[in-house]
Amino acid sequence: AQSVSQHNHHVILSEAASLELGCNYSYGGTVNLFWYVQYPGQHLQLLLKYFSGDPLVKGIKGFEAEFIKSKFSFNLRKPSVQWSDTAEYFCAVRGTNAGKSTFGDGTTLTVKP
Amino acid sequence: DAGVIQSPRHEVTEMGQEVTLRCKPISGHDYLFWYRQTMMRGLELLIYFNNNVPIDDSGMPEDRFSAKMPNASFSTLKIQPSEPRDSAVYFCASRPYNEYGELFFGEGSRLTVL
């Protein structure tokens, strides 16, 4: 069975601080990995995804994530956050032959201006 | 493309009433998912379809919930009778059959049961 663990439930940062959100997954096979973002009052939208190749993937708005297979991790990073990054962030995993994705519980990021 | 379209966006109803939520997936997408989001339980997968066929409904909370997908462009999630604990935002998502598995979410239907 797939499972996803996001280490931080709520993160509070000041603008220009660096961000790293942890994500670990459990799955016994090849995976696709995703980070989705949900801005206040909006729906989830894709931030970035990994499916093969370079383990360092870049997404929209300056976000990046690194897939470390040996650690079953897919941490999200941004060198300098902005107030507009305030949102909830979800890590998700899907086995490459699986129909559904499994989501983590989400991390709420609050960026103080 | 218009994206995944859900209706209604907001629904307020009284306990015991029937609620029907609707979803139109992106044209050409083979998979359709219904999720529920609450503060207490986070994002939960209720059911998903592949080519209009329900594949996994293990997340449906109880018999009061039912979902159908009569054709490739329409799905419904029905709650009958509704209860206050069903209050949540219900998201529909779809994706094509490819190796990426990226989900495209609708705007959600916010349900309040009084």
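Residues numbered from 1 in each chain as written. Chains lettered and ligands numbered in written order. Predicted model: local features only at pLDDT ≥ 70, side-chain atom pairs only at ≥ 80, totals over all residues. Heavy atoms only, no water.

S.K.: Account for the packing of aromatic side chains, naming residues and giving values.
M.R.: Overall, the coordinates contain 16 aromatic pairs over all chains when judged by the stated rule. A cation over a ring is seen here: Arg95 of chain B above Tyr31 of chain B, with NZ or CZ 3.9 Å from the ring centre. (Phe/Tyr/Trp six-rings, centres within 6.5 Å; stacked < 30°, edge-to-face > 60°. Lys NZ or Arg CZ within 6 Å of the ring centre and 35° of its normal.)

S.K.: So what about the sheet that holds strand 3 (residues 19-24) of chain B? Which residues, and what values?
M.R.: Residues and elements named next belong to chain B. In space, the 4 strands of this open sheet follow the order 1-3-8-7, with antiparallel pairing throughout. On the outer flanks of this sheet lie strand 1 (5-7) and strand 7 (65-71), each paired with one strand and no other. Strand-to-strand, the axes of this sheet are offset by a mean angle of 15°, without reference to chain direction. Bridge analysis of strand 7 against strand 8 (residues 74-79) gives 5 bridges, and the strand direction is antiparallel. Each residue of the ladder has a partner; that of Phe65, found in strand 8, is Ile79. (Pairing = 2+ DSSP bridges. Helix = DSSP H or I, 4+ residues; strand = E, 2+ residues; numbered from the N terminus. Axes fitted to C-alpha atoms, helices over the stretch in contact; angles between N-to-C directions.)

S.K.: Provide a residue-level description of the interface of chain B and chain A, including the pertinent values.
M.R.: In this assembly, 19 residues from chain B lie in contact with 18 residues from chain A. In this assembly, chain B packs against chain A so that about 1600 Å² is buried in total across both faces, 55% of it on carbon and sulfur atoms. Inspection of the region where chain B meets chain A yields 2 salt bridges. One salt bridge connects Lys100 of chain A with Asp56 of chain B, and the closest N-O pair in it is separated by 2.8 Å. (Contact = heavy atoms within 4.5 Å. Buried area = accessible area lost by both parts, 1.4 Å probe. Salt bridge = Lys/Arg side-chain N within 4 Å of Asp/Glu carboxyl O.)

S.K.: Pulling in residues and values, what's your account of unusual backbone geometry?
M.R.: With an omega of -10°, the peptide bond running from Ser7 of chain B to Pro8 of chain B counts as cis. Its location among the elements puts Pro8 of chain B in the loop between strand 1 and strand 2 (10-13). The phi torsion at Ala16 of chain A lies on the positive side, around 80°, for a residue other than glycine. When you line up the elements, Ala16 of chain A lands in the loop between strand 2 (10-14) and strand 3 (19-21).

S.K.: For the nonpolar core, give the residues involved together with the corresponding values.
M.R.: Ranked by size, the top nonpolar core spans 28 residues in total, and within it Leu33, Trp35, Leu48, Phe74, Leu76 and Tyr89 of chain A carry the most contacts. Residues in contact with Leu76 of chain A, not counting those within four places in the same chain, are Leu19, Glu20, Leu21, Trp35, Leu47, Leu48, Phe63, Glu64, Ala65 and Tyr89 of chain A. (Core = buried A, V, L, I, M, F, W, Y, C linked by side-chain atoms within 4.5 Å. Buried < 20%, exposed > 50% of the residue type's maximum accessible area, 1.4 Å probe, protein only.)

S.K.: Give me the pattern of salt bridges: which residues, what numbers.
M.R.: Inspection of every chain in the model, using the stated rule, returns 15 salt bridges over all chains. For Arg41 of chain B, the salt bridge identified is with Glu44 of chain B, shortest N-O distance 2.8 Å.

S.K.: So what's going on with the state of the cysteines? Residues and values would help.
M.R.: Residue and element names in this part refer to chain A. By the definition in use, this model includes 2 disulfides over all chains. With its sulfur 1.9 Å from that of its partner, Cys23 forms a disulfide with Cys91. Given an S-S torsion of about -70°, the disulfide between Cys23 and Cys91 has left-handed geometry. Linking Cys23 in strand 4 (residues 23-26) with Cys91 in strand 10 (residues 87-95), this pair joins segments that are 68 residues apart in sequence. Comparing Cys23 with Cys91, the two get one shared label, buried. (Disulfide = S-S within 2.5 Å.)

S.K.: Give me the pairing of strand 3 of chain B: which residues, what numbers.
M.R.: Relative to strand 3 of chain B, strand 1 of chain B runs antiparallel, the two sharing 3 bridges. Residue pairing across strands places Gln6 of chain B opposite Cys23 of chain B, the latter belonging to strand 3 of chain B.

Just distances and angles here, no functional claims.
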